[in-house]
Amino acid sequence: MTSTAAAPPPPRAYRRLSVEERRAQLLVAALGLFAHRAPDEVSLDEVAVAAGVSRPLVYRYFPGGRQQLYEAALGSAADELKLCFTEPPVGPPTERVARVLDRYLRFVDEHDTGFSALLRGGSVVETSRTTTIVDGVRRAAAEEILSHLGRIGSAGERGAGPRLRMMVRSWIAAVEAASLIWLDEGKQPPAAELRGWMVDHLIALLAATAATDEETAAVVRDLLALETPDGPAGRLAELVIPVVAEAAHLLPQATAAD
């Protein structure tokens, strides 16, 4: 009588990872640890265990130890964070920025402790190189936002002027600060609400800068022409215009009429 038991599956063939694949594996393992613990609290032994390899192998790829591994992992995370700000030039600009911020806040949410330690600094592994990596993300983010506003950073045929660049970089700094406060507050308010407020903040800064900067005023005119009544700019206008109307008595014409 023949057995009807299923034959065990053949053993999986072992495949040696290439240098690039092994390095990527170690970076993924390290990022997973740095995402939830301060960098100076993560040991190479823990990275080795998370990657399923030996400690000497980690040292073979990162002979500089934890410092080198952290800088490499930070660079990898920075590349991922830069991608959050990349958005096709399709649809109203404020809706594009909203999609960018949705991705950004997901990144912050998934890398909460590591993100906080990274931006606050103070880690024993912080160096001029790690600072340069973080600043590179900020600058890349600013360039992407400027592109959605119809300007190409500080150079090019439609390069952004100093006031507009300063405004956008100030907004990027405010987004970072708000993200850190959001983490401190237990990720409240909900991410969608925070994202909406951040978009409103950008629109408000643009409007305030446009009042005294001709270039920004032209950017705002072009931006509003692309917006829709039910989009972020339309909704904010509906809320703000009644509030601004309350200040009509502050206008010079009103004072003279009185």
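This is a predicted model, so every value here is computed, not measured.

## As for a nonpolar patch on the surface
Thinking step 1. Together, Leu239, Val240 and Val244 give the surface a local cluster of nonpolar side chains, amounting to about 270 Å² of exposed area.
Thinking step 2. Along the chain, valine 244 turns up in helix α11 (residues 232-245).

## As for the packing of aromatic side chains
Thinking step 1. Evaluation of the coordinates by the stated rule reveals 2 aromatic pairs.
Thinking step 2. With a centroid separation of 5.2 Å and 80° between ring planes, the pair formed by phenylalanine 34 and tyrosine 70 is classed as edge-to-face. Of the two residues, phenylalanine 34 is situated in helix α1 (residues 19-34) and tyrosine 70 in helix α4 (residues 66-84); the sequence distance between them amounts to 36 residues.
Thinking step 3. The buried category is assigned to phenylalanine 34, whose relative accessible area is 5%.
Thinking step 4. Using a relative accessible area of 7% as the deciding quantity, one classes tyrosine 70 as buried.

## Observations concerning the confidence of the model for the protein chain
Thinking step 1. Averaged over all residues, the pLDDT of the protein chain is 84; the fraction at 70 or higher stands at 85%.
Thinking step 2. By mean pLDDT, the top-scoring element of the protein chain is helix α9 (residues 191-210) (96), and the lowest-scoring one is helix α12 (residues 252-257) (60).
Thinking step 3. Considering only residues more than four positions removed or in separate chains, one finds that residues 10-14, a stretch of pLDDT under 50, has 1 contact.

Conventions used here
Residues numbered from 1 in each chain as written. Predicted model: local features only at pLDDT ≥ 70, side-chain atom pairs only at ≥ 80, totals over all residues. Heavy atoms only, no water. Patch = residues over 30% accessible without salt bridge, like charges linked within 9 Å, V, L, I, M, F, W, Y side chains within 5 Å. Areas by Shrake-Rupley, 256 points an atom, 1.4 Å probe, with all protein chains shown as cover. Salt bridge = Lys/Arg side-chain N within 4 Å of Asp/Glu carboxyl O. Helix = DSSP H or I, 4+ residues; strand = E, 2+ residues; numbered from the N terminus. Phe/Tyr/Trp six-rings, centres within 6.5 Å; stacked < 30°, edge-to-face > 60°. Buried < 20%, exposed > 50% of the residue type's maximum accessible area, 1.4 Å probe, protein only. pLDDT = per-residue confidence, 0-100. Contact = heavy atoms within 4.5 Å.

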